Amino acid sequence: MSYTNQRIAYGNTLVELGKNNKDIIVLDADLAGSTMGKLFEAAYPDRHIEMGIAEANMLSVSAGLAQTGKIPFANSFAVFVAGRAFDQIRQTIAIGKLNVKIVGGSSGLSDFGDGATHQSVEDIAIMSSIPNMTVICPADANETVEATKAIAEYKGPVYMRLNRNEYANVSEEGKKFVIGQPTVMKEGSDVAVFATGYTVGLALKAAESLEEKLSLKVINVSTIKPLNADTIISLAENCKAVVTAEEHSIYGGLGSIVAAALAKSKKPLEIIGINDTFGRSAHKYQELLDFYGITADHIKEVSENIIKMA
Amino acid sequence: MKSNYYSDEEIKSLEKKAQLLRRDVVKCMGIGNAGHLGGSCSAAEIIACLYFHKMKHSSKNPHMVDRDRFLLSKGHVAILQYAALAECGYFPVEDLQSAKDIHSYLQGHPDVLKTPGIEAGTGSLGQGLSIGIGMAMGLKMDKIDSKVYVLLGDGELAEGQVWEAALAGKEFNLDNIVAIVDKNGLQATGKVADRFNIDHLNEKWNSFGWNVIEINGHDVRQILSALDEADVKKGCPTVIIANTVKGKGISFAENVVSFHNCTLTEEMYNSALKELAD
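Residues numbered from 1 in each chain as written. Chains lettered and ligands numbered in written order. Predicted model: local features only at pLDDT ≥ 70, side-chain atom pairs only at ≥ 80, totals over all residues. Heavy atoms only, no water.

Draft legend 1. Inspection of the domain arrangement of chain A at higher detail. Residues and elements named next belong to chain A. For chain A, the assigned domains read domain 1 (6-161) and domain 2 (183-309). On a C-alpha basis, the centres of domain 1 and domain 2 stand 26 Å from each other. The interface is formed by 28 residues belonging to domain 1 together with 33 residues belonging to domain 2. A combined buried area of about 2,100 Å² lies between domain 1 and domain 2, and 59% of that area is made up of carbon and sulfur atoms. The largest per-residue losses of area from domain 1 upon contact with domain 2 belong to Leu-109, Phe-112 and Val-121, which jointly make up 32% of the total buried on that side. Between domain 1 and domain 2 we count zero salt bridges in total. The interface formed by domain 1 and domain 2 holds 18 residue pairs in polar contact (both at pLDDT 80 or more) in total. Contributions of two or more residues to the side of domain 1 that touches domain 2 are made by α7 (123-128) and β5 (134-136). (Domains from an automatic or database assignment. Contact = heavy atoms within 4.5 Å. Buried area = accessible area lost by both parts, 1.4 Å probe. Salt bridge = Lys/Arg side-chain N within 4 Å of Asp/Glu carboxyl O. Polar contact = N/O pair within 3.5 Å; in protein donor to acceptor, adjacent residues only side chain to side chain. Helix = DSSP H or I, 4+ residues; strand = E, 2+ residues; numbered from the N terminus.)

Below is the structure:
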């Protein structure tokens, strides 16, 4: 079954996993209709827990469930799980390495209508800063299916960030997801573009439009953490310059992690992301992406400029 | 309800265990090292009743599937729980001396990865009851007949999450969880009552749908009877409001705010151990 929406891919994959794995318990905080936890709820009502609008309690309850051998998947919007329930995640789940999966839907700007309060531009930074935490950001629906299977199998705390909207797949359907392993989506020799989530597709578009003029190497970093610095260095090695792209603040996200890894490199590097500002409401997702410069054109333009500095 | 009969001998023996835990706490702190003495002493009888009588648990098999679980939501009195675990054989009593040493497995707050017998990390106040709710749910799903006991401080009740958990406890009819409030009336910097209104605490819990039992938290017979009563109450969770004295058993520390987290001089140390002598 092929999907073009991450949350629908996620919800259906949970249903598939729940068929054989009776330990999987899905929790929602009044947003099961958005997170697609409702699909699991419909399939296995006894293993879905509606926790009400109480995210902090939901995360601590998940910790307790994990300690009785369950595999809880706690869903909400990225901004609420990573923000409101930060302390619950840090204190009990992360310090104790508990087997809790935290899934932040409607991440980045993808909840375009709801504005700054509901758009998470800092969830990667928050979650990556917590020791013991694994942070996953799949490129598209295909990869979400495989990442969901991988995190269910992995024993330990995981945060997975998902987009709300429909968009075309760029990753291969059914390709096994290996936690911690970036994927080279397109080889290239001038500029290495490290992208994550929705921006992987944008980087590929930029690469395609530049093909005659400039060779872009596109790397899908779907595991933000753990991400080995040597892996980043070796992926960038054959290129003259580096660009990173993410639908997240330029502070503490993929760009910061790549920049830290390449600190000793002499290659010019530019971080594309949201420039230390909150989101805002718009009528269309694309309107917001254009406004904040999360576009293929922007990646193209930055790549063309940065190669001049190399 | 008809309560179990406990002989004077059984009661006496648990009272002695509580004093033993207090002595362990004082020795664990030693002279000149900071430790949460006041709140350890207020909860000593409660902990003694749970670990030495009520709870089904085994130091030989700490992960026994049908064990009862204990969560120290007021995680700052970890030394009291360590004393109970040590006296129950989870680790050597002598190791209490190493608490908070840089390489010690006995951390300042309970650590599930480091210390045998700890069920989950607690200490950021207000979260233990929610963790307990999750455990109680998981046990029910697996039809395991075990209880979850959660010890909270009264100052901790200012944390909003406690009341999220209280709502959930009733919503899911978790009659396998027992919250115990160590109502010693003091918090780190003063009286709880000066910070928020803790009158009508019974009514507050009652209105959230909990079975409320109020006791003297230093009276072993009352503690045992309340714990037994919680066993027979079905369809809702139970909270035991235990009226206690902070610093109980050490005259110079009783009801004195500064002994929340304190250091002992040599004179205090000796005098405390003398008062707590078997």
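This is not the end of the story, as more comes after the structure.
Draft legend 2. Fine view of the interface of chain A and chain B. Opposite the 23 residues of chain A that make contact, chain B presents 24 residues. For the pair chain A and chain B, the two sides together bury roughly 1,800 Å², of which 60% comes from carbon and sulfur. Of all residues in chain A, the largest losses of buried area upon contact with chain B belong to A:Asn57, A:Gln67 and A:Thr68, amounting jointly to 26% of the total for that side. Applying the counting rule to chain A against chain B returns one salt bridge. A salt bridge links B:Asp142 to A:Lys70, with the nearest nitrogen and oxygen atoms 2.5 Å apart. Seen at the junction of chain A and chain B, the total is 11 residue pairs in polar contact (both at pLDDT 80 or more). Mapped by element, the contributors of at least two residues to the side of chain A that touches chain B are β2 (48-50), α4 (55-66) and α6 (86-94) of chain A. No other element matches α4(A), which puts seven residues into the side of chain A that touches chain B. Looking at the side of chain A that touches chain B residue by residue, the classes come out as nine nonpolar, nine polar and five charged. (Nonpolar A, V, L, I, M, F, W, Y, C, P; charged D, E, K, R; others polar.)

Draft legend 3. Molecular detail of the environment of B:Trp210. Residues and elements named next belong to chain B. Summarising the element assignment, Trp-210 is placed in the loop between α8 (201-207) and β6 (211-216). Overall, Trp-210 belongs to the buried group, its relative accessible area being 1%. As for Trp-210 and Gly-39, which are separated by 171 residues in sequence, their C-alpha atoms are 25 Å apart. Residues contacting Trp-210, with those up to four places away along its chain left out, are Leu-129, Ala-165, Ala-166, Gly-169, Lys-170, Ile-177, Ala-179, Trp-205, Pro-237, Thr-238 and Val-239. Within the local environment of Trp-210, its side chain forms a polar contact with the backbone oxygen of Ala-166, the two atoms lying 2.8 Å apart. (Buried < 20%, exposed > 50% of the residue type's maximum accessible area, 1.4 Å probe, protein only.)

Draft legend 4. Region of interest: unusual backbone geometry. With an omega of 0 degrees, the peptide bond between A:Lys225 and A:Pro226 qualifies as cis. For A:Pro226, the location among the structural elements is in the loop between β10 (223-225) and α10 (229-236). The phi torsion at A:Asn132 lies on the positive side, around 75 degrees, for a residue other than glycine. Residue position: A:Asn132 is located in the loop between α7 and β5. The phi angle at B:Lys100 is positive, at roughly 70 degrees, despite the residue not being glycine. Within the secondary structure, B:Lys100 sits in the loop between α4 (78-87) and α5 (128-141). Owing to a relative accessible area of 48%, B:Lys100 belongs among the partly exposed residues under this scheme.

Draft legend 5. Molecular detail of the environment of A:Thr199. All names here are of chain A. Its place among the elements puts Thr-199 in helix α9 (residues 199-210). You can call Thr-199 buried: its relative accessible area is 1%. Separated by 96 residues in the primary sequence, Thr-199 and Thr-295 have C-alpha atoms spaced 7.7 Å apart. Contacts of Thr-199, omitting those with residues within four sequence positions, involve Ala-245, Glu-246, Glu-247, Ile-294 and Ile-299.

Draft legend 6. Region of the structure containing the packing of helix α1 (residues 8-29) of chain B against helix α10 (residues 266-275) of chain B. All names here are of chain B. Where α1 meets α10, the axes come as close as 10 Å, and the angle between the chain directions of the two elements is 170 degrees. On the basis of the axis angle, α1 is roughly antiparallel to α10. Where α1 crosses over α10, the handedness of that crossing is left-handed. Facing α1, whose interface residues are Gln-19, Arg-23, Val-26 and Lys-27, α10 presents Tyr-269, Ala-272, Leu-273 and Glu-275. Here the contact of α1 with α10 is composed, by residue class, of four nonpolar, one polar and three charged. (Axes fitted to C-alpha atoms, helices over the stretch in contact; angles between N-to-C directions. Parallel < 35°, antiparallel > 145°, perpendicular 65-115°, else oblique. Left-handed = near helix turned anticlockwise from the far one by under 90°.)

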